[in-house]
Amino acid sequence: MRVLAAGAGLPDQMMAKGLFPGLAAPGFGLGEEVAGIVVRVAPGSRYRPGDRIMGITDFMSGWGGYADYTYVREQSSALVPDGVSDVRAAAFPIAYRTAWVALVERTHVQRGEVLAVLGAGGSSGLAAVQLGKAIGMTVVGIASTADKRAAAMEAGADAVVDAASADLQADLREAVGGRAVDVLFDPVGGAVARAAAAALGRGGRLLVVGLASGTTVPIDSMDLLMRNVTAVGVFAGGTTPEEDEAAWVALTRMLADGELAPVVRKEVPYRDVPAMIREHGGSAGKSVVLVSTRPASTPSV
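Residues numbered from 1 in each chain as written. Predicted model: local features only at pLDDT ≥ 70, side-chain atom pairs only at ≥ 80, totals over all residues. Heavy atoms only, no water.

## A word on the overall build of the protein
No. 1: When helices and strands are tallied, the protein shows ten helices and twelve strands.
No. 2: Its C-alpha atoms give the protein principal-axis dimensions of about 60 × 35 × 30 Å.
No. 3: For the protein, buried positions account for 49% of its 301 residues.
No. 4: Summarising the internal contacts of the protein: among those between residues at least 6 apart in sequence, 68% fall at separations of at least 24.
No. 5: Taken as a whole, the protein presents about 13400 Å² of accessible surface, with 53% of it coming from carbon and sulfur.
No. 6: In the protein, which carries 27 positive and 31 negative side-chain charges, the distance between the mean positions of the two groups comes to 1 Å. (Helix = DSSP H or I, 4+ residues; strand = E, 2+ residues; numbered from the N terminus. Buried < 20%, exposed > 50% of the residue type's maximum accessible area, 1.4 Å probe, protein only. Contact = heavy atoms within 4.5 Å. Areas by Shrake-Rupley, 256 points an atom, 1.4 Å probe, with all protein chains shown as cover. Lys, Arg positive; Asp, Glu negative; His and termini not counted. Charge placed at Lys NZ, Arg CZ, Asp CG, Glu CD.)

Rendered as structure tokens:
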């Protein structure tokens, strides 16, 4: 495909630093998610040249999205709904597919349950906030800055809590009227995740999504046993074609209907990619790289 815009995230920074799990050295290609125009297809493809799609690149094999052209795994892609810009489409695939794996495929959350989201101002956290609300959950965002907490509220969170709280467990329960947390979405890890996990009630689920802090959440198996809490690994990869098809159908419908809306705070020209990667994580929302100019023959949205 010809790349028009490419999303940027913490994994790009981790790859550049040699810290991405299972991918500590080249070749990899920065830019995991893209929006653009199909140029060529394999036999039997559901796409045609000229289609506008969004999807996940073959970045682990060197074909990242920070390039004029890239390869996209058809199983991990979808047509961009009418009315959705290239920038928002490029910010969509990784965060929302991950949130879907966490809340729907791995956990089967229910309407009315309490969801706490760590890193609620980041791209995956904001996706989890929006998806949780679309499902009908009560959502509490946990973030480290006022800007990120404000972004979580704008995304639909019912309440927000400062990640630096001296008593995160108490603040989380107070935020939802004394209720226990049913599900904790954790892309952060470390000590803050362990403190937040203390607010999980009986039957609670700890979703281990990532390690933005540098380490995954420390898990005490005896604590899981005594409190009847479950730790769930969440990886948006290794899924079946059937799982991916169901996810993309549901997610693109919600994107088209406005239930899900990527929060893009920075649109970065291609020449500024190195600086963007170095500085990633300082502000709320998503950064998107503007790679190319839309061909004149493609309708504007």
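## A few points about the sheet that holds strand S9 (residues 200-208)
The pairing of strands in a sheet comes from backbone hydrogen bonds and takes either a parallel or an antiparallel form.
No. 1: Taken in spatial order, the six strands make up an open sheet running S7-S6-S5-S8-S9-S10, and their pairing is parallel. Strand pairing shows two members of the sheet lacking a second neighbour, strand S7 (159-162) and strand S10 (230-233), which therefore form its edges. Each strand of the sheet is rotated relative to its neighbour by a mean of 20°, with strand direction disregarded.
No. 2: As defined by bridge partners, strand S5 (residues 114-118) adjoins strand S6 (residues 138-143) across five bridges and the pair is classed as parallel. Residue pairing across strands places Val 114 opposite Thr 138, the latter belonging to S6. (Pairing = 2+ DSSP bridges. Axes fitted to C-alpha atoms, helices over the stretch in contact; angles between N-to-C directions.)

## Considerations on a nonpolar patch on the surface
No. 1: The grouping of Met 222, Leu 225 and Met 226 at the surface amounts to a nonpolar patch, some 350 Å² of accessible area in total.
No. 2: Examined against the element boundaries, Leu 225 turns out to sit in helix H8 (residues 221-227).
No. 3: The class of Leu 225 is exposed, set by a relative accessible area of 54%. (Patch = residues over 30% accessible without salt bridge, like charges linked within 9 Å, V, L, I, M, F, W, Y side chains within 5 Å. Salt bridge = Lys/Arg side-chain N within 4 Å of Asp/Glu carboxyl O.)

## Considering the pattern of salt bridges
No. 1: The full count for this structure, using the stated rule, is 13 salt bridges.
No. 2: Of the charged contacts in the structure, one is a salt bridge between Arg 52 and Asp 86, with a shortest N-O distance of 2.8 Å. Of the two residues, Arg 52 sits in strand S3 (residues 52-57) while Asp 86 sits in helix H2 (residues 86-90), which places them 34 residues apart along the sequence.
No. 3: Between Arg 205 and Glu 113 there is a salt bridge whose closest N-O contact spans 3.0 Å. Here the residue Arg 205 occupies a position in strand S9, and Glu 113 occupies one in the loop between helix H3 (93-105) and S5, the gap between them amounting to 92 residues.

## Focus: the packing of aromatic side chains
No. 1: Inspection of every chain in the model, using the stated rule, returns two aromatic pairs.
No. 2: For the pair Phe 92 and Tyr 96, a centre-to-centre distance of 4.5 Å together with 10° between the ring planes defines the contact as stacked. (Phe/Tyr/Trp six-rings, centres within 6.5 Å; stacked < 30°, edge-to-face > 60°.)

## Regarding the packing of H3 against helix H4 (residues 123-135)
No. 1: Between H3 and H4, the least distance of the axes is 8 Å, while the angle of their chain directions is 50°. Between H3 and H4, the interaxial angle falls into the category oblique. In the crossing of H3 with H4, the sense of the turn from one axis to the other is right-handed. Where H3 approaches H4, its residues Ala 95, Tyr 96, Ala 99, Trp 100, Leu 103 and Val 104 are matched on the opposing element by Ser 123, Ser 124, Ala 127, Ala 128, Gln 130, Leu 131, Gly 132 and Ile 135. (Parallel < 35°, antiparallel > 145°, perpendicular 65-115°, else oblique. Left-handed = near helix turned anticlockwise from the far one by under 90°.)

## Side note on the layout of surface pockets
No. 1: In this model, the second largest pocket occupies a volume close to 350 Å³.
No. 2: Along the walls of the second largest pocket sit 15 residues, with Met 1, Arg 40, Val 41, Tyr 71 and Val 72 positioned nearest its centre.
No. 3: Per-class residue counts for the lining of the second largest pocket are eleven nonpolar, two polar and two charged. (1 Å grid on protein atoms, 1.4 Å probe; cavity = no way out; pocket = protein on both sides within 12 Å on 5 of 7 lines; lining within 4 Å. Points joined across faces, edges and corners; volume = space filled by probe spheres on them. Nonpolar A, V, L, I, M, F, W, Y, C, P; charged D, E, K, R; others polar.)

## Things to note about the sheet that holds strand S2 (residues 33-37)
No. 1: Taken in spatial order, the six strands line up as S4-S3-S2-S1-S12-S11 in an open sheet, and their pairing is mixed. The open sheet has two edge strands, strand S4 (72-79) and strand S11 (264-269), and neither has a second partner. Sheet twist, expressed as the mean angle between neighbouring strand axes with direction ignored, is 30°.
No. 2: For strand S1 (residues 2-8) and strand S12 (residues 286-290), the ladder comprises four bridges, and the chain directions are antiparallel. Its bridge partner lying in S12, Ala 8 is registered against Ser 287.
No. 3: Contacts from H3 reach S2 and S3 within the one sheet, and its direction differs from that of S3 by about 70°.

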